[in-house]
Amino acid sequence: MTLSTLDPRTALVVVDLQNGITALPTAPTTGPEVVARAVELADAFRSHGLPVVLVRVTSAPDGSDAVPGRTEVRRPGGPRPEGWDTVVAELAGHPGDITVTKRNWGAFHGTDLDLQLRRRGVTQVVLAGIATSIGVESTARAAYEHGYHVTLATDAMADMDAEAHRNSVERVFPRLGETGTTAEVVELLAKTRP
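Predicted model, so just to flag it, every value in this text is computed and none were measured. (Residues numbered from 1 in each chain as written. Predicted model: local features only at pLDDT ≥ 70, side-chain atom pairs only at ≥ 80, totals over all residues. Heavy atoms only, no water.)

Visitor: How would you sum up the side chain of Thr-111? Please name residues and give values.
Guide: Secondary-structure assignment places Thr-111 in the loop between strand 3 (98-102) and helix 3 (113-119). A distance of 2.5 Å separates a polar side-chain atom of Thr-111 from the backbone oxygen of Ala-107. A polar contact is formed between the side chain of Thr-111 and the backbone oxygen of Phe-108, at a distance of 3.2 Å. In contact with Thr-111, other than residues within four places in its own chain, are Val-100, Thr-101 and Lys-102. (Helix = DSSP H or I, 4+ residues; strand = E, 2+ residues; numbered from the N terminus. Polar contact = N/O pair within 3.5 Å; in protein donor to acceptor, adjacent residues only side chain to side chain. Contact = heavy atoms within 4.5 Å.)

See the structure below:
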């Protein structure tokens, strides 16, 4: 679907582009490629005075704040390397950006993301990040459920599993919002802003 519009108060929400996650093997694009596209989006949003939200995931070293519950997939264990949860340098360091720290897959549950967006009058979010089928999809679902218009920059995201990425992009995202490329989002921003 072609992107139809971007609301006057649209925010970019970048999910989990941090040192430990962007270094993982991803598909269909690499972590550095996703970061480069997210930087392009963030620069465009900042140039139009629109909010940029950098979401990072972390956990206590002892795992005491980990999401409880049994799963069939084993969770990674052991200590994480120093700085694994730090937002990548290419995106960090902009004083006007909003940083949200999460301890779940999605960026809404247990965080102040909704409050930060509503205080700024945001009605639409553009999402990017890693992993498509986990953090990005969970955040997209919650954004939709919170009543935001959702746009997904599908070339500014990747997954550890190419099939999981494809499933989210082709089957799930069209039910939650509109999809497009980084270039399409940037072009639409330029057309709809003074």
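There's more to say after this.
Visitor: Before we move on, can you summarise the packing of helix 2 (residues 31-47) against helix 6 (residues 182-192) with the specific residues and values?
Guide: Interaxial distance between helix 2 and helix 6 falls to 10 Å at its minimum, and their mutual angle equals 5 degrees. What the angle tells us is that helix 2 and helix 6 run roughly parallel. On helix 6, the residues touching Arg-37, Glu-40, Leu-41, Ala-44 and Phe-45 of helix 2 are Thr-182, Val-185, Val-186 and Leu-189. Of the residues contributing to the contact of helix 2 with helix 6, the split by class is six nonpolar, one polar and two charged. (Axes fitted to C-alpha atoms, helices over the stretch in contact; angles between N-to-C directions. Parallel < 35°, antiparallel > 145°, perpendicular 65-115°, else oblique. Nonpolar A, V, L, I, M, F, W, Y, C, P; charged D, E, K, R; others polar.)

Visitor: Could you give me a rundown of the pattern of salt bridges, with the residues and numbers involved?
Guide: A side chain with one charge can pair with a side chain of the opposite charge if their charged atoms come near. According to the stated counting rule, one finds ten salt bridges in the structure shown. Between Lys-102 and Asp-16 there is a salt bridge, with the nearest N and O atoms lying 3.0 Å from each other. Of this pair, Lys-102 sits in strand 3 while Asp-16 sits in the loop between strand 1 (10-15) and helix 1 (19-22), placing them 86 residues apart in sequence. By the burial criterion, Lys-102 is buried, and Asp-16 matches it. (Salt bridge = Lys/Arg side-chain N within 4 Å of Asp/Glu carboxyl O. Buried < 20%, exposed > 50% of the residue type's maximum accessible area, 1.4 Å probe, protein only.)

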